[in-house]
Amino acid sequence: MGIGAIIYRNGEITTTHSDNVPASAMNSNNVAEYKAFIWILDTLLLILQEQPGAQVEISGDSKLVIMQMNGIWRIRKGLYAGFALEAKAKVAKLKERAEIALKWIPGHTNHEADALSRQDVKGNAFAARSEAKERKYKDALLREKKRQAKEWAQRELDEGRL
C-alpha cells in the first residue's frame, strides 16, 4: 500500500513524503493512513520547534483518521489502534505549539498526495501492477496492429496489388 503526504507553507509545497507499507497480516489501509499522518505530525513538530504559535491546517482524505483525531469517532480495536494512539499523543503535543485544525477532504480532491502514494517505490506492488498493466496494454496494441496489417494485406491480395 502506498502512502503520500505533502506539507504546504503559504500555498507552496515545502516537503513531500512517499512510501510503501507492505501488504501483510499486520497492515491495513488504516495502518497506512495513520503512518502517513504520523509522518506529517513528526515533520510539523520539527518545523514548529522554530516557529511556535503558528496556525496549521491538516487536511486528509481518511475520514477515519480525521474523525478520530478530532474526537468525533472513537479509536476501536484493529491493526491501526496503536498508530492511532501514537498519533493522538502527537496531535496533543502539536496543539501545545500551534493552533491546529484537522479537516477531512474527499479523496478525489487529494490529487497530489494520491499521486505520491502511487509513486514507484522499489518493491512496491503498485509499480509491479503498473508494469503489468503497461505490458498488457502494449501487447493489446501490438495484437491490434498485427490484425490491421493482416486485414490490409488481405485486401491488397484480394485486389491484386500484392
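Going by the structure above, here's the rest.
Residues numbered from 1 in each chain as written. Predicted model: local features only at pLDDT ≥ 70, side-chain atom pairs only at ≥ 80, totals over all residues. Heavy atoms only, no water.

Student: Just to check I follow, could you spell out the overall build of the protein for this structure?
Tutor: A tally of helices and strands in the protein yields five helices and four strands. The helix and strand sequence of the protein, counted from the amino end, reads β-β-α-β-α-α-β-α-α. Taking all 162 residues of the protein together, 33% fall into the buried category. Counted over contacts in the protein with a minimum sequence separation of 6, partners at least 24 positions apart contribute 65%. Of the accessible surface of the protein, which amounts to about 10900 Å², a share of 53% is contributed by carbon and sulfur atoms. (Helix = DSSP H or I, 4+ residues; strand = E, 2+ residues; numbered from the N terminus. Buried < 20%, exposed > 50% of the residue type's maximum accessible area, 1.4 Å probe, protein only. Contact = heavy atoms within 4.5 Å. Areas by Shrake-Rupley, 256 points an atom, 1.4 Å probe, with all protein chains shown as cover.)

Student: Would you take a moment to explain a nonpolar patch on the surface for this structure?
Tutor: Together, W152, L157 and L162 line one region of the surface with nonpolar side chains, adding up to about 340 Å² of accessible area. Assessed through its relative accessible area of 44%, W152 is described here as partly exposed. (Patch = residues over 30% accessible without salt bridge, like charges linked within 9 Å, V, L, I, M, F, W, Y side chains within 5 Å. Salt bridge = Lys/Arg side-chain N within 4 Å of Asp/Glu carboxyl O.)

Student: What is the right way to look at the pattern of salt bridges in this model?
Tutor: Between side chains of opposite charge, pairing is possible as soon as their charged atoms come close. Within this structure, the stated rule accounts for three salt bridges. Between D42 and K90 there is a salt bridge, with the nearest N and O atoms lying 2.5 Å from each other. A residue pair is termed long-range when its members are at least 10 positions apart, and D42 in helix α1 (residues 29–50) and K90 in helix α3 (residues 81–97) qualify at 48 residues. Residue classification places D42 among the partly exposed positions, given a relative accessible area of 31%.

None of this, on its own, says anything about what the molecule does.
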